[in-house]
Amino acid sequence: MKWNQIVSLIVCLTIFLSIHAQVILPHYPDSIFNTYYHQRVSFFKSIPQTQGDIIFLGNSITDGGEWSELFHDVHIKNRGISGDITAGVLHRLDEVAARKPAKVFLLIGVNDLARNILPDSVVKNIFLIADYLHQQSPSTKLFVQSILPVNDHFNMFQGHTNKGIQISEVNEVLKINKQNKPYTFIDLFTFFCNENGKLPEALSNDGLHLAGPGYLLWKHLVYPAVYGLQNKPSLIPNPQNLKWEKGLFSLNDCKIILISDSSLYPLAKTLQNKLYDWGYRVSISDSDPMNIPSIKLGFDKKQVTKEEAYILNVTEKAIVLNAASLHGIFNGIQTLYQLMRDKNFVNACNIIDAPSFTMRGYMVDAARNYQSIKQLKSQVDVMASYKLNIFHFHITEDIAWRLQSKMYPQLTDAKYMQRNPGEYYSMDEMKDLIQYCNERFITLIPEIDMPGHSAAFERAMGVAMQSDKGLEICKNIITEICSELDLPFIHIGGDEVKITNKNFLPEMVTHIRSLGKKVIAWDPGGNVPAGTILQMWNGNAKPKPGYPSLDSRHLYLNHFDPFDGVVTVFNHIIDDEKTGDENHPGAILCNWPDRRVSKEEDAISMNVVYPAMLTFAERCWQGGGWKNFVSDFGKPGSNRYDDFVQFENKLLDHKEQYFASRPFPYFKQSGIEWKMIGPFNNQGYTASQFAPESELFFDTVQLNHYPSLYGATIWLRHFWHPMILSHLQQPHENSTYYAFRKIWADEDGNKNFWIGFNNFSRSTATDEPPAGKWNSLNSAVWVNGKLIEPPIWSRPGQKGNLETPMTDENYELREPVKIFLHKGWNKVLIKCPVSSFKGADWQNPVKWMFTFIEVS
């Protein structure tokens, strides 16, 4: 019988046994293992048994890696033993399995082959390792790595280095069976081979073990699997033109940053500091020493013509970044940071990139809820990393005026502030913040809201803003601001007010222009002259001839839930155009936490800031979009669905890599399919029960006859319907729907879930949920037939109040619900009834929706 036939027979037998019988490890006498083996095993058993770690398991090649140091991660553990064989791993596998690790990276077999153990026996034992680990710890993900190539050049370890053919045989069988066995196969062999199929001499000094550069390459190759990332770095915003090439640039080999002009020095210094933080000592120079790996920054106005554009080329020898301006270089460096995700290598690539829209902004309302300079700068840092370039700073409101005026100091007197009394921004703080933004190529635009939202002004000054005296004061304030601060734009608001002085806004615009500043106002809003930039905030607003348009329609974070916020922004078509021009410069994402917050961090954590900001950065830079005011991401097989899945994978990569210390309330929702059963006519009685609540219903029902909806949050009817399209095409009052899906669990145990039926806007005084219920609509959820009890609300049934901070009203604000799942498939049934679509008042819109998703 041929060798491959023997392997196939072993594979089939092993698969059969793993399905139909318990996997039992063979017994080996301790005496067959050496002293070092027993020392290591004893050590492993003696240290605390932490769970959820990432374990590197293998022989001396694994043993030689300082894994926690390589990854800067204490949860990555070394379980390598020099000289170990597959039998040795089996002998100590219980210690690994008992820890219930999140992931195991196995590299084993070359020592077996050196002992002339046949490849099929090596494979059999690796299969047994996989089956046993899966049996004992089903949630553990096993990554079987190919055996590395060897090299006989050094005339060392000749029993190992003459086994090239057998190594390839083992690797091929492991690769072929990756679909049949409980492991993911990682091909290291190909990337560790030279042109002769051998381990490069630069990566080893004995032909078998790895030198330092070899471990760095190994880290780079497994880095995506260790952290659950895409194989190539996820770039947000995605470049307009990206082509991956073969090869890697080693940061460890880079010794110099070359600049073609002295004006590039500050940016080079920032890059140098970043590399220094990662442990690399790189100099900055304007002279090019030949044949030294380097990063080159330069201007090339022939190839790059747009202000923010850049060209980035990465090869094995150099990283070359060219642009027409410092801003372009800055943008390219942000992309370069993302390419450096593992802090060791940069994948070779060619990038030609430029934004589709020139104004890409984020707005903070610090008037209603004060935010410290530290927190503002933290948000600016994230903006800069994702190439946003407008910081819209809303600092005057009915609640408080928060900008210092030396001419009118009473404006910031604590007694005239209704929240955070005494908190405001001095001129020195503003100058510091403006400089901080400018260093990151972000333009700060202050909004001095007039003549509406001006109650704080009127309390302090004792006059109506639209009066002649009020107009005079406003002009003086603007003159003071423009003389103190270096600002190209002034935002004057102009919305949500009855205009009693028709000359007020035109005179203010004329005055601001006389000071050399451009003017922005809200639309809908008051009467402003042509040429004013209009920031559209209402869904009915459209770009107007003669008025450049900024888009903020349905881009208010305070109305989003974590999942529909990302989807809605992803779908958005900026300014109703696929790409911008001088009349359609871009958009601003707005964070309006109208409701009082108990601590400043809540203004971010309660408003899905960062997931939406990254999505917004992608859309503004890339342009395009699918359809405005849409809450779903399409169906599998559609271009929109596929596009969303691709972006969502990148978004989750960035959450994993860059937002460990920041709130990022988002989990993967593509792939979640709900079968929608209904509608049933409840005749206005939302407690009515229908067939899906019967235990027998799902024994006979054909689920494929029912339509599917996709996502974690499903809007059966958006509260701004029909302006905002819902998942249901034609929602009707007095209807009850049931949503059904199955969830797989690898093993018995409690899992965490976000569950919600009314995600409160942070801008309305919505009444608190009733005691003992999820919401006022009698919504319900069952898992495996068991009713899931609603939370014990902190303020059940209380009347809504904007001055009462939110605590547990929304699912992302409270502890996840723990639900026991049994191993295998689990059934989820959600009941969604509604009567009238008309809410009690505008503060209490009827939100016919639900959210259900497992969270980690």
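Preceding this section is the structure that the text describes.
These numbers come from a predicted model, not from an experiment. Within each chain, residue numbers correspond to sequence positions counted from 1 in written order. Two thresholds apply to this predicted model, a pLDDT of at least 70 for residue-level local features and 80 or more for giving and counting side-chain atom pairs, whereas whole-chain, interface and lining totals are computed over all residues. Each side-chain value is worked out from all heavy atoms of the structure, with water and hydrogens disregarded.

**Examining the overall build of the protein**
Then, number 1: We count a stretch as a helix when DSSP gives it H or I for four or more residues in a row; a strand needs E for two or more, and each element gets its number in order from the N terminus. A count of helices and strands for the protein gives 23 helices and 30 strands.
Then, number 2: For the protein, the spread of C-alpha atoms along the principal axes amounts to about 100 × 80 × 45 Å.
Then, number 3: Looking at the 856 residues of the protein, the share that counts as buried comes to 58%.
Then, number 4: When checking whether two residues touch, look at their non-hydrogen atoms; a contact exists if any pair is within 4.5 Å. The contacts of the protein with a sequence gap of at least 6 include a subset with a gap of at least 24, amounting to 75%.
Then, number 5: Accessible areas in this description were obtained via Shrake-Rupley with a 1.4 Å probe; residue shielding takes into account the shown protein chains only. Within the structure as shown, the protein displays about 35300 Å² of accessible surface, and the carbon and sulfur contribution to it stands at 51%. Think of it in three bands: residues with accessible area under 20% of the maximum for their type are buried, residues over 50% are exposed, and the middle band is partly exposed, with areas taken using a 1.4 Å probe on protein chains only.

**Some points on the side chain of Thr 568**
Then, number 1: The topology assignment puts Thr 568 in helix 19 (residues 562–571).
Then, number 2: If we skip the residues at most four places from it in the chain, Thr 568 touches His 554, Phe 560, Val 630 and Ser 631.

**Regarding the pattern of salt bridges**
Then, number 1: Salt bridges are counted wherever a side-chain nitrogen of Lys or Arg sits within 4 Å of a carboxyl oxygen of Asp or Glu. All chains considered together, the criterion is met by 34 salt bridges.
Then, number 2: With a shortest N-O distance of 2.8 Å, Lys 77 and Asp 53 are connected by a salt bridge. Within this pair, whereas Lys 77 is found in strand 2 (residues 76–80), its partner Asp 53 is found in the loop between helix 2 (35–46) and strand 1 (54–58), the two being separated by 24 residues in sequence.
Then, number 3: Here the residues in one salt-bridge network are Asp 365, Arg 368, Glu 397 and Asp 594, joined through shared partners.

**Here's the deal with the packing of aromatic side chains**
Then, number 1: The rule is short: rings of Phe, Tyr and Trp, with Trp giving its six-membered ring, pair when the centres are within 6.5 Å, and they are stacked under 30 degrees, edge-to-face over 60, tilted in between. Evaluated as defined, the whole model comprises 49 aromatic pairs.
Then, number 2: Ring geometry for Phe 563 versus Trp 754: centroids 6.0 Å apart, planes at 70°, classification edge-to-face. You can see Phe 563 sitting in helix 19 and its partner Trp 754 sitting in strand 25 (residues 749–756), a full 191 residues away along the chain.
Then, number 3: On the basis of relative accessibility, which here comes to 0%, the residue Phe 563 falls in the buried class.
Then, number 4: Plain terms: the ring middles of Tyr 610 and Phe 659 are 5.5 Å apart, the flat faces sit at 45° to each other, and that makes the pair tilted. Of this pair, Tyr 610 sits in helix 21 (residues 609–622) while Phe 659 sits in the loop between helix 22 (639–658) and strand 21 (673–681), and the two are 49 residues apart along the sequence.
Then, number 5: Looking at Tyr 610, the relative accessible area reads 2%, which means it is buried.
Then, number 6: Taken together, the aromatic side chains of Phe 56, Trp 67, Phe 71, Phe 105, Phe 143, Tyr 215, Trp 218, Tyr 223 and Tyr 227 make up a single cluster linked through ring pairs.

**Observations regarding the pairing of strand 11 (residues 318–323)**
Then, number 1: Across the six residues that make up strand 11, a large majority, five, are buried.
Then, number 2: In this structure, strand 9 (residues 294–299) lies alongside strand 11, joined through six bridges in parallel fashion. Bridge pairing links Leu 297 to Leu 321 in strand 11.
Then, number 3: Two strands make a pair as long as DSSP finds a minimum of two bridges between them. Pairing between strand 10 (residues 310–314) and strand 11: five bridges, direction antiparallel. Note on strand 11: the bridge partner recorded for Tyr 310 is Ala 323.
Then, number 4: Counting the residues between successive antiparallel strands, the hairpin from strand 10 to strand 11 contains three residues.

**Points about the sheet that holds strand 12 (residues 345–353)**
Then, number 1: The strand order across the open sheet built from seven strands is 6-12-10-11-9-7-8, with neighbouring strands paired in mixed fashion. Each end of this open sheet is capped by a strand with a single partner; those strands are strand 6 (241–250) and strand 8 (283–285). Across the sheet, the mean angle separating the axes of adjacent strands is 20° when strand polarity is ignored.
Then, number 2: Alignment of strand 7 (residues 256–259) against strand 8, held across three bridges, turns out to be parallel. Looking across to strand 8, one finds that Ile 256 is bridged to Ser 283.
Then, number 3: Every axis corresponds to a line fitted to the C-alpha atoms, with the helix fit spanning only the stretch in contact, and the corresponding angles, defined between N-to-C directions, vary from 0 to 180 degrees. Sitting on the sheet, helix 11 (residues 212–227) touches strand 6 and strand 12, and the angle it makes with strand 12 is about 55°.

**Topic: the packing of helix 8 (residues 119–136) against helix 10 (residues 164–176)**
Then, number 1: Where helix 8 meets helix 10, the closest approach of the two axes is 9 Å, and the angle between their N-to-C directions is 40°. Handedness of the crossing formed by helix 8 with helix 10: right-handed. Between helix 8 and helix 10, the contacting residues are Pro 119, Val 122, Val 123, Ile 126 and Phe 127 on the first element and Gln 166, Glu 169, Val 170, Val 173 and Leu 174 on the second.
Then, number 2: Under this grouping Gly is polar, as are all residues other than the nonpolar Ala, Val, Leu, Ile, Met, Phe, Trp, Tyr, Cys and Pro and the charged Asp, Glu, Lys and Arg. Across the contact of helix 8 with helix 10, the residue classes tally to eight nonpolar, one polar and one charged. Crossing chirality is assigned from the near helix's rotation relative to the far helix, an anticlockwise turn below a right angle marking it left-handed and a clockwise turn marking it right-handed.

**What about the sheet that holds strand 1?**
Then, number 1: With respect to topology, five strands assemble into an open sheet ordered 2-1-3-4-5, the strand pairing being parallel. Bordering the open sheet on either side are strand 2 and strand 5 (184–186), each of which pairs with just one other strand. Recorded for the sheet is a direction-independent mean angle of 20° between the axes of neighbouring strands.
Then, number 2: Here five bridges tie strand 1 to strand 3 (residues 103–107), and the two strands are oriented parallel to one another. Residue pairing across strands places Ile 54 opposite Lys 103, the latter belonging to strand 3.

**Brief notes about helix 21**
Then, number 1: In this scheme, a helix's expected span is set at 1.5 Å multiplied by one less than its residue total. Its 14 residues give helix 21 an end-to-end C-alpha distance of 20 Å, which sits within 8% of 20 Å, the value for a rise of 1.5 Å per residue.
Then, number 2: The buried fraction of helix 21 amounts to 13 of the 14 residues, a majority that puts the element mostly inside the structure.
Then, number 3: With its phi angle positive at about 75°, Gly 623 sits one or two positions after the end of helix 21.

**Considering the nonpolar core**
Then, number 1: Nonpolar cores are built from buried Ala, Val, Leu, Ile, Met, Phe, Trp, Tyr and Cys residues. Side-chain atoms within 4.5 Å join them into one set. Judged by nonpolar contacts, the single largest core of 159 residues is most densely connected at Ile 295, Phe 391 and Phe 852.
Then, number 2: In this view, Ile 295 contacts Phe 249, Cys 254, Ile 256, Ile 257, Leu 258, Leu 271, Leu 275, Ile 319, Leu 336 and Met 340; residues no more than four positions away in its chain are not counted.

**Comments concerning unusual backbone geometry**
Then, number 1: Cis geometry marks the peptide bond from Asp 523 to Pro 524; its omega dihedral reads 5°.
Then, number 2: Checked against the element boundaries, Pro 524 lands in the loop between strand 17 (518–523) and strand 18 (533–536).
Then, number 3: Note that the residue after Gly 678, namely Pro 679, is joined by a cis bond; omega there is 5°.
Then, number 4: Within the secondary structure, Pro 679 sits in strand 21.
Then, number 5: The phi dihedral of Lys 343 falls on the positive side, at around 65°, and the residue is not glycine.
Then, number 6: The backbone phi angle of Phe 441 is positive, close to 60°, even though this residue is not glycine.

**Some points on the pairing of strand 28 (residues 817–821)**
Then, number 1: Along strand 28, the buried face is formed by Val 817, Ile 819 and Leu 821; none of Lys 818 and Phe 820, which line the opposite face, is buried.
Then, number 2: By the bridge criterion, five bridges tie strand 25 to strand 28 in an arrangement that is antiparallel. Its bridge partner being in strand 28, Gly 749 is matched across the sheet by Leu 821.

**Focus on the side chain of Asp 594**
Then, number 1: Along the chain, the position of Asp 594 falls in the loop between strand 20 (586–591) and helix 20 (602–605).
Then, number 2: For Asp 594, a relative accessible area of 16% gives the class buried.
Then, number 3: Polar side-chain contacts of Asp 594 include one of 2.6 Å to the side chain of Ser 763. Definition of a polar contact: a pair of N or O atoms within 3.5 Å, with one able to donate and the other able to accept a hydrogen when the atoms are protein atoms, and with sequence-neighbouring residues admitted only if both atoms are side-chain atoms.

**Structural notes on the packing of helix 21 against helix 22**
Then, number 1: Two elements in contact, helix 21 and helix 22, have axes whose closest approach is 11 Å; the angle formed by their N-to-C orientations is 130°. Classified by the angle between their axes, helix 21 and helix 22 sit oblique to one another. The element helix 21 and its partner helix 22 pack so that their crossing is right-handed. Where helix 21 approaches helix 22, its residues Pro 611, Leu 614, Thr 615 and Glu 618 are matched on the opposing element by Phe 647, Lys 650, Leu 651 and His 654.
Then, number 2: Split by residue class, the contact of helix 21 with helix 22 holds four nonpolar, two polar and two charged. For classification, angles of less than 35 degrees are called roughly parallel, those exceeding 145 degrees roughly antiparallel, those between 65 and 115 degrees roughly perpendicular, and all remaining angles oblique.

**A short note on helix 2**
Then, number 1: Compared with the 16 Å implied by 1.5 Å per residue over 12 residues, the 16 Å span of helix 2 between its first and last C-alpha is a close match.
Then, number 2: Residues Tyr 37, Arg 40, Val 41 and Phe 44 constitute the buried set of helix 2. Down the axis of helix 2, the buried set is contained in an arc of 100°. They therefore lie on one face. Residues of helix 2 that are exposed and angled more than 90 degrees away from the buried face: Thr 35 and Ser 46.
Then, number 3: Where helix 2 is buried, its residues contact helix 3 (60–63), strand 2, helix 5 (86–91) and helix 6 (93–98).
Then, number 4: At the N-terminal boundary of helix 2, the capping side chain belongs to Asn 34, with an oxygen 3.2 Å from the backbone nitrogen of Tyr 36. Each direction from the helix axis to a C-beta atom contributes to the arc, which is the arc of those directions.

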